[in-house]
Amino acid sequence: MYEFQYHKASSINEVKEKISSLNDPKIMAGGMTLIPTMKQRLAAPSDIIDLSNINELKGISKEKGFIIIGAMTTHFEVHTSELVKKEIPSLAFLAGLIGDPMVRHRGTIGGSVANSDPSADYPSSVISLGAKIITDKREIESDEFFIDLFETALDDDEIILSLKFPIPNKSAYMKFPQPASRYALVGVFISDTKEGIRVGITGAGPCAFRSKEIEKALSKNFTESAIENVNIPSENLNSDIHASAEYRAHLVKVMAKRAIKKLS
Amino acid sequence: MGQFGVGQAIRRKEDIRLLEGKGRYLDDLHFENQAYGAVLRSPHAHAKIKSINIENAVNLNGVLDIITAKDLKADNITGIPCLAKVESRDGQDMANPLRPILAEDYVRYVGDYIAFVVAETKEIAKAALEYIEIDFDILDSITNPVDASKNDSPRVWDNLDTNRVFDWENGNKDKVDDIFKNSELKSEVHLINNRVVVNSMEPRGAIGQFDKDKNKFTLYTPSQNVHLMKTLVSGSLGIESENLRVVSPDMGGGFGMKVFIYPEQILLPYASKRVNKTVKWTSDRSEAFISDTQGRDHVTKAEIALDKNGKFKAIRVKTISNMGAYLSNFAPMIATQAGTVMLTGLYDIPEAYVNVLGVFTNTVPIDAYRGAGRPEASHIIERLVDVAASDHGFAKDQIRRINLIPNEKVPYKTPLGPEYDSGNFIKNLEDALKISKWSNFYERKKEAKKRGKFRGIGIGCYVEAAAGGPNEDVEIIFEEDGSVSVLIGTIAIGQGIVTSYSQVLEELLGIDFEKINIIMGDTDKVATGGGTGGSKSLMLGASAMKHASVEIINKGKKIAAHLLEASEADINFSDGYFTIKGTDKKINITDVAKTKQSDLPENIDASLNTKANSDVSNGTYPNGCHVCELEIDGDTGHVKLLNYTVIDDLGKVINPLIVEGQVHGGIVQGLGQVLMEHCIYDHSNGQLITGSFMDYAMPRADNVPPKISLGFNEVLCTKNPLGIKGAGEAGTVGALGCIVNALVNALEEFGVSHIEMPATPESLWGIINSKQ
Amino acid sequence: MKINVNVNVNGQDVSEEVEPRTLLVDFIREKMKLTGTHVGCDTTQCGACTIHLDGVAIKSCTILAVQAHNRSITTIEGISKNDELHPMQISFKENHGLQCGFCTPGMVMAGIDIRRRKPTIEEDELRLELEGNICRCTGYHNIVKSILNAKM
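Moving on to the overall build of chain B. For chain B, the helix and strand inventory stands at 20 helices and 32 strands. Taking 28 Å as the expected radius of gyration for a compact globule of 772 residues, we find that chain B reaches 28 Å, a close match to that expectation. Referenced to the eigenvectors of the C-alpha coordinate spread, the extents of chain B come out at roughly 85 × 70 × 50 Å. Within chain B, residue pairs in contact and separated by at least 24 positions form 81% of the contacts whose partners lie at least 6 positions apart.

The following block contains the structure:
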């Protein structure tokens, strides 16, 4: 890695101060993406600001019809949280599929969502559950959050504080892993929310997206067979050595069907 | 027989220190004031080097030296030779350009060696790489071996007319062509044996030291053959071989890849002399992907001719084999003599012809990888047999019964050269079929279909050629403290050989298992050696120990007779004791060994220390039968392996626990290649696409069939005193054909006749989807 | 600019100066000279670097040494007590769970963590829990057996 200075912040204000005063800083959540990137010398921040000491970023709580998860909550904590398991079991299930147990002990929901890796699992749930991304500046709707490959609506100096997940009537997640990395080759998160059916897809495109086609079909008929005739266009889907766009489009339907099957 | 003798599932001596984290792998070795090296590697698949400017790099704080080809030339450091000689059928010599240590005018693959930086810390050495300026003239590259074989292909070597390395053949072409011409029944299959990356969990590394006063170099490096390393490295450095010591510390896996000599192993000692410090280099994983020798990469057309009763008459095989950009030490041999001689497998096929075209491409050099040519051969013949069965209406088991070499024909000489000394091949098949419940498979297949799964079962009868040499010397020394030291030229690569050797010696001489110390891997301590590879070490080592033990017992009898006051003819040796026949007067061998010369008459030598040679003149033929059952998810193409049955004839099994472990490991490397591993180059620009574990799929615990049934049908090898056949590579040799056969069987309703490796979910789904 | 870190390593408090960019695995291997923890990849996948941080399994190649300040780490060298092997180590030896030994410390540390979290885990689930640990020698069969049978 290139050299850098390390800071451990105790408050959001401290983080903001450092971001504005330092040369080329990067905030670090779990480090499960940042550190490997720096090891490969693909990122060279002048300073790293460690968020792990900031209490207001931690914790899982319930507030009326919402589950609120602090940005620095680890995947392991989400996976094993009695509260999440009770209220949004599919989210606990999803968290248990990220990486491996060691990665889950460090990786965080805030870090994952802010990164918008096209094959990360969480973004599909954020979209499907219609979660709000609470930052130090504002609340961002999930539909506006994921923009492109590694690109979100966050400003450069904006920090995610927590994610606010509306508790759905029911929801399910199915993932088909890429055999080497075990990231999502395709992941489909289906939610029957208070506002209707929402379907979030990850792995298939440059970033996670909503599948209006599947939502439409499921809104008429919440069954596996309803998905049969849905056409998932493959034009804008990812194509690489692991899967062609056509195969990904096919897997979207298969995973969607399996998610529905879980719910029946 | 002692409780730690042959045939016992003894827990390994090697384990405690490794479990405690006290292993000493190369990167664990630290020397005071050591410097660090880093290699500058080519980012291009093929380019001319117009200029190298090291000025900015060399002036960085903490950089001690930067070596380029210019420096090597000035000091007469020469390249790395290929040791394999393969003749071409048109009489032309094998193309054999010497492999340079550092690129002179051209770089020929992504990862090729350009410069070597030595610095005070690893970080500085790596940072300095970015300051070396190279002016490249980028040239056309060629990475696909089939395209490379064409006359109009871009050439990897500008001084050669084509990319051809050799065009070799074996067998009787005219007879075979004739048989095919006149055969009613024929079958053909085109197969690719995909390029794979070895990926031992410990990457490569080396430490070079130079002692000015003694004028002696020391090279620490995980090496499967320290004596070969010593010869070739000293040759390159232009020094007398006794001025180089090579030490192989603990090794985190070799699989063949750590047999070979790499430029770093010459650069490290050379650099240490230049900077007058110990210099250390270790590879990280992404560097391993572009510098370790890789495996396989064959494209084959295979044909079989049979009569209407299903009896095989001949096979005809043509293969294009990728050598990579440079010839690694044994690459041409792996593709030809090592592997293709096994193409007739376990079948009684009277005639065979094989032609192998070896070609250069702008890729990482290829060389032996677990099985070294035999998995390739076994994959071909087992696929051919299944295809012939399908084409001409024979059941897959029945066609094997018709053609497997029957016991009465053993020893059996194949048309391609090898003579199988022993084996009960049909029994292996029948036992494997019984255990795997072959006969009612179709019921399970029907049931699986209801769940949307395509279930398949496949057979892989295999025979493999384990090496028979070079012969090993062993030296057995009875130490003063009652322990016994055994010096031998094989190497510990993780295979538990220290335990196995100790069991053999305990069995032969009754010496306490815990008191036996096996000394290997240091050329200053062990004078000669053939290294470890080809599944031969235990066979050769045990044979040498057997010969040594005969001599030791003879010597011991003389001493014991004197000490017990009896005649030599009345002395028996058994279980570690010399006894006067018919009495209970005895003396333990360790006590005999302690006898002082002063207590013996002049004509009796007090020392039991003995040297002996393995004195083997044949390789061995481990063989057996694999049966694999799997299910393919009809919606996704994902494969789940269910049951895996193996019946192995590995000759005398010294330690069944260790041997099972070898077979498990071999099978999983096989399944990795069949289902997920693939080293992929972008053919348009020669860039390596699968450069890390993110894109190169390594099998994990959940990819392995939950049930592996392993049984041994021991038929002693007739060519070495203990009857050992070697176990290290057998699992991989058997797995490829077997698993592919199961996949094809799973999808037979789609009329598919062959499935290429790796059978990724998408490729299998493609077959299912295109026919529905 | 170096930073001072206070870490409890295998029960002993240590205080060292490190650069911020020093990875915890390099701190362990080079500063502490505990070379039982290994580096097998550069993409946080192989698991050879697995240790316990405050009793929980993590990959030491993907965390900075400075992040271990005021925390405790346990490496493979620290799991045996008074010269007695840990039950997981005993099980690996008994069940031939290692061949070359390079992935082994990581497997043992991961195995202990898994059995602590799920004392009665079934084989299927164990195989999934091991997806962060790669072995090239054993084919995993005996590693799974070792972890399942450790008398913890």
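After that view of the structure, there is still more to cover.
Scanning chain C from N- to C-terminus turns up five helices and five strands. In chain C, the order of α-helices and β-strands from amino to carboxyl end is β-β-α-β-β-β-α-α-α-α. A compact globule built from 152 residues would reach a C-alpha radius of gyration of about 15 Å, and chain C, at 15 Å, matches this within 12%. Its C-alpha atoms give chain C principal-axis dimensions of roughly 45 × 35 × 25 Å. Relative to all contacts within chain C whose residues are 6 or more apart in sequence, the contacts with residues 24 or more apart total 61%.

This paragraph deals with the domain arrangement of chain C. Residue and element names in this part refer to chain C. Under the domain assignment used here, chain C contains domain 1 (3–77) and domain 2 (87–149). Taken over C-alpha atoms, the centre of domain 1 sits 21 Å from the centre of domain 2. Listed by partner, the interface residues are 15 residues for domain 1 and eleven residues for domain 2. Of all elements in the fold, only strand S3 (50–53) and strand S4 (56–59) reach the threshold of two or more residues within the side of domain 1 that touches domain 2. Along the lines of polarity and charge, the residues of the side of domain 1 that touches domain 2 split into seven nonpolar, eight polar and no charged.

What follows is about the interface of chain B and chain C. Contacts between the two partners involve 42 residues from chain B, matched on the other side by 45 residues from chain C. Residue contributions to the side of chain B that touches chain C peak at seven residues, all from helix H18 (residues 656–675) of chain B. Taken together, the residues that form the side of chain B that touches chain C break down as 18 nonpolar, 14 polar and ten charged.

As a further point, take the environment of B:His754. Residues and elements named next belong to chain B. By the element assignment, His754 lies in the loop between helix H19 (730–746) and helix H20 (761–770). Among the residues examined, His754 registers 16 C-beta atoms within 10 Å and is labelled partly exposed. Counting along the chain gives 13 residues from His754 to Asn741, while the straight-line C-alpha distance between them is 8.3 Å. In this view, His754 contacts Val189, Leu191, Arg383, Val387 and Val744; residues no more than four positions away in its chain are not counted.

Turning our eyes to something else, we now look at the interface of chain C and chain A. Contact residues are listed per partner, giving 25 residues for chain C and 20 residues for chain A. If you list the elements that add at least two residues to the side of chain C that touches chain A, you get S4 and helix H3 (104–117) of chain C. Its residues assigned to classes, the side of chain C that touches chain A comprises eleven nonpolar, seven polar and seven charged.

Residues and elements named next belong to chain B. Interaxial distance between helix H7 (residues 226–237) and helix H8 (residues 263–275) falls to 10 Å at its minimum, and their mutual angle equals 60°. Comparing the axis directions of H7 and H8 gives the class oblique. Along this stretch, H7 crosses H8, giving a crossing that reads as right-handed. Between H7 and H8, the residues in contact are Met229, Val233, Ser236 and Leu237 and Gln265, Ile266, Pro269 and Tyr270, respectively.

A word on helix H8 (residues 122–129) of chain A. All names here are of chain A. Of all eight residues that make up H8, eight are buried, and the element is covered over most of its length. Looking at H8, one finds that the buried residues are Tyr122, Pro123, Ser124, Ser125, Val126, Ile127, Ser128 and Leu129. Note on H8: the residue one or two positions beyond its end, Gly130, has a positive phi of about 70°.

Right, let's get into the nonpolar core. A:Leu51, A:Val188, A:Ala256, B:Val117, B:Leu343, B:Val486 and B:Ile739 are the most contacted members of the largest nonpolar core, which has 381 residues in total. Once residues within four sequence positions are removed from consideration, B:Ile739 is found in contact with B:Gly458, B:Cys628, B:Gly670, B:Leu671 and B:Val674.

Residues and elements named next belong to chain B. Here chain B is partitioned into domain 1 (33–139 + 199–289), domain 2 (371–376 + 389–466 + 620–770) and domain 3 (471–529 + 537–613). A straight line from the C-alpha centre of domain 1 to that of domain 3 covers 41 Å. The interface is formed by twelve residues belonging to domain 1 together with eleven residues belonging to domain 3. Going through the elements one at a time, H7 and strand S12 (244–247) are the ones with two or more residues in the side of domain 1 that touches domain 3. Broken down by class, the residue content of the side of domain 1 that touches domain 3 amounts to four nonpolar, six polar and two charged.

Residues and elements named next belong to chain B. With mixed pairing, the five strands of this open sheet are ordered in space as S7-S17-S16-S15-S8. The open sheet has two free edges, formed respectively by strand S7 (164–171) and strand S8 (185–193), since each of these has just one partner strand. Each neighbouring strand pair of the sheet contributes to a mean axis angle of 10°, computed without reference to strand direction. Of the pairings in the sheet, the one linking S8 to strand S15 (residues 298–306) comprises nine bridges and is antiparallel in character. In the sheet register, Ile192 faces S15, and the bridge partner there is Val299. Relative to S8, helix H11 (residues 374–392) is tilted by about 140°, and along the sheet it contacts S8, S15 and strand S16 (312–324).

With that settled, the discussion passes to the sheet that holds strand S22 (residues 484–488) of chain B. Residue and element names in this part refer to chain B. Pairing is mixed across the open sheet formed by four strands, whose spatial order is S23-S22-S21-S27. Each end of this open sheet is capped by a strand with a single partner; those strands are strand S23 (516–519) and strand S27 (610–613). Taken over all neighbouring pairs, the strand axes of this sheet differ in orientation by 20° on average, direction set aside. Here four bridges tie S22 to S23, and the two strands are oriented parallel to one another. When the sheet's bridge partners are listed, Val486 is paired in S23 with Ile518. In this fold helix H15 (residues 497–509) packs onto S22 and S23, with an angle of close to 130° to the strand it touches most, S23. Along the sheet, helix H16 (residues 537–564) contacts strand S21 (473–478), S22 and S27; its crossing angle with S27, the most-contacted strand, is approximately 135°.

Attention shifts here to the packing of H18(B) against H19(B). Residue and element names in this part refer to chain B. Across the interface, H18 lies against H19 with an axial gap of 7 Å and an inter-helix angle of 40°. Between H18 and H19, the crossing angle belongs to the class labelled oblique. Of the two elements, H18 crosses H19, and the hand of that crossing is right-handed. Only Ala730, Gly731, Thr732, Ala735, Leu736, Ile739 and Val740 of H19 make contact with H18, whose side of the interface consists of Gln662, Val663, His664, Gly665, Gly666, Ile667, Gln669, Gly670, Leu671, Gln673 and Val674. When its residues are assigned to classes, the contact of H18 with H19 shows nine nonpolar, nine polar and no charged.

With respect to the element layout, C:Pro105 can be found in helix H3. As a C-alpha pair, C:Pro105 and C:Gln89 span 16 residues in sequence and 9.2 Å in three-dimensional space. Residues in contact with C:Pro105, not counting those within four places in the same chain, are B:Gly21, C:Gly36, C:Thr37, C:His38 and C:Ile76.

What follows is about the environment of B:Thr78. All names here are of chain B. Its location among the elements puts Thr78 in the loop between helix H3 (69–74) and strand S4 (106–107). Taking C-alpha positions, Thr78 is 7.1 Å from Pro100, a pair spaced 22 residues apart along the chain. Setting aside chain neighbours within four positions, we find Thr78 in contact with Leu98 and Ser236.

The next point concerns the pairing of strand S28 (residues 623–633) of chain B. Residue and element names in this part refer to chain B. Burial analysis of S28 places ten of its eleven residues in the buried class, the great majority of the element. Summarising the sheet, strand S20 (residues 453–463) and S28 pair through eleven bridges and their orientation is antiparallel. Bridge pairing in S28 places Gly456 opposite Leu630. Pairing of S28 with strand S29 (residues 639–649) involves ten bridges; the strand directions are antiparallel. Along S29, the bridge assignment pairs Cys628 with Tyr644. Adjacent in sequence and paired antiparallel, S28 and S29 are bridged by five residues, among which Gly637 carries a positive phi angle near 80°.

Time to look at H11(B). Residue and element names in this part refer to chain B. For H11, with 19 residues, the first-to-last C-alpha span of 27 Å sits near the 27 Å given by 1.5 Å per residue. Of all 19 residues in H11, 17 are buried, a share of seventy percent or more. Trailing H11 by a residue or two, Gly393 shows a phi angle of about 75°, which is positive.

Rules and cut-offs
- Once a new chain begins, its residue numbering starts again from 1 and follows that chain's sequence as written.
- In the order they appear in the text, chains get letters beginning with A and ligands get numbers beginning with 1.
- The predicted nature of this model means local features are confined to residues of pLDDT at least 70 and side-chain atom pairs, given and counted, to a pLDDT of 80 or more, with totals for whole chains, interfaces and linings taken over all residues.
- Each helix is a run of DSSP H or I of at least 4 residues and each strand a run of E of at least 2, with the numbering of both proceeding from the N terminus.
- When we talk radius of gyration, it's over C-alpha atoms, and the globule rule is simply 2.2 Å times the number of residues to the 0.38.
- Working definition of a contact: two residues with C-beta atoms, positioned from the backbone, lying within 7 Å.
- Domain ranges listed in this record stem from an automatic or a database domain assignment.
- Note on residue categories: nonpolar means Ala, Val, Leu, Ile, Met, Phe, Trp, Tyr, Cys or Pro, charged means Asp, Glu, Lys or Arg, and polar means any other residue, Gly included.
- Around each residue's C-beta, the other C-beta atoms within 10 Å are counted; 20 or more make the residue buried, 12 or fewer make it exposed, and counts in between make it partly exposed. All C-beta atoms are placed from the backbone.
- In this analysis, axes come from line fits to C-alpha atoms, helices being fitted only over the stretch in contact, and the angle between any two N-to-C directions falls in the range 0 to 180 degrees.
- Any angle from 65 to 115 degrees is called roughly perpendicular, while one under 35 is roughly parallel, one over 145 is roughly antiparallel, and all others are oblique.
- Take the far helix as your reference; a near helix turned counterclockwise from it by less than a right angle gives a left-handed crossing, and one turned clockwise gives a right-handed crossing.
- For the purposes of this analysis, a nonpolar core is taken to be any set of buried Ala, Val, Leu, Ile, Met, Phe, Trp, Tyr and Cys residues that are connected through C-beta atoms within 7 Å.
- Any two strands are treated as partners once DSSP identifies two or more bridges connecting them.
- Helices are assigned an expected span. That span is 1.5 Å times one less than the residue count.

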